[in-house]
Amino acid sequence: MPELLAPTVRLHAAWLEAHDEWGPGLHEDGFGLRSTDEVRSPEGFAAWVTRLADRSGPAKPLDAGRVPCTYRWIVEDDRVLGGIALRHELNDYLLQVAGHIGYGIRPSARRRGLATWALGRMLAHARALGLDRVLLVCEAGNDASSRTIERCGGVLEGIRDADLGPARRYWITL
């Protein structure tokens, strides 16, 4: 049975296995990975996990342009299957490009309903934070993500040009 876990250094090797399966680049939505993060070494991984934890609460000051965010890993039998992130608020960039929630499932774990399952749990967390509705954005051609969002109550606002091409914008009322 999968579970949503806060990022932890305990799963370093499992996370690297998932990262390697995706291949080179920063395309694992939901993990908060930046190009400057060094995640191969135990020290670098620990620093990254600490940064993610620091963003989850309002007590710590954040870098300019950043908002509080809850990160969770989708884990089953100590295997990292994906990640999901809930941004607690929207700034101008997030409103235009990324939305409140981003997620990604590693290729070998897709088509099992994990994204729908994780999104449903994150929507409950968003509700607990007091959000009335959340914005989700996905590439216009990502039919699997569109279906996931729609299964969870997403209503298409429209398609807009974004940094990485046309993007579907959905709102989910909580």
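What you see is a predicted model, and the numbers here were worked out from it, not measured in a lab.

What counts and how
Residues numbered from 1 in each chain as written. Predicted model: local features only at pLDDT ≥ 70, side-chain atom pairs only at ≥ 80, totals over all residues. Heavy atoms only, no water. Helix = DSSP H or I, 4+ residues; strand = E, 2+ residues; numbered from the N terminus. Polar contact = N/O pair within 3.5 Å; in protein donor to acceptor, adjacent residues only side chain to side chain. Contact = heavy atoms within 4.5 Å. Salt bridge = Lys/Arg side-chain N within 4 Å of Asp/Glu carboxyl O. Buried < 20%, exposed > 50% of the residue type's maximum accessible area, 1.4 Å probe, protein only. Pairing = 2+ DSSP bridges.

Right, let's get into the side chain of Asp37. Along the chain, the position of Asp37 falls in the loop between helix 1 (12–22) and helix 2 (42–54). A polar contact is formed between the side chain of Asp37 and the side chain of Trp48, at a distance of 3.5 Å. Only 2.6 Å separates the side chain of Asp37 from the side chain of Arg51, close enough to count as a polar contact. With near-sequence residues (within four places) excluded, Asp37 lies in contact with Gly32, Trp48 and Arg51.

With that settled, the discussion passes to the pattern of salt bridges. Counting across every chain of the model gives nine salt bridges. Between Arg106 and Glu17 there is a salt bridge, with its nearest N and O atoms 3.3 Å apart. Highlighted residues: Arg106 in the loop between strand 4 (101–105) and helix 4 (114–128) and Glu17 in helix 1, separated in sequence by 89 residues. On the basis of relative accessibility, which here comes to 2%, the residue Arg106 falls in the buried class. Look at the salt bridges and you will find they share partners, linking Glu17, Glu21, Arg79 and Arg106 into a network.

When you tally the buried positions in strand 4, you get five out of five residues, the bulk of the element. Residues Ile101, Tyr103 and Ile105 of strand 4 are buried on one face, and the alternating residues Gly102 and Gly104, pointing to the opposite face, are buried as well. Judged from the five bridges that link them, strand 3 (residues 79–87) and strand 4 form a sheet pairing that is antiparallel. Bridge pairing in strand 4 links Leu86 to Ile101.

Take it as geometry only, folks, not as evidence of what the structure does.
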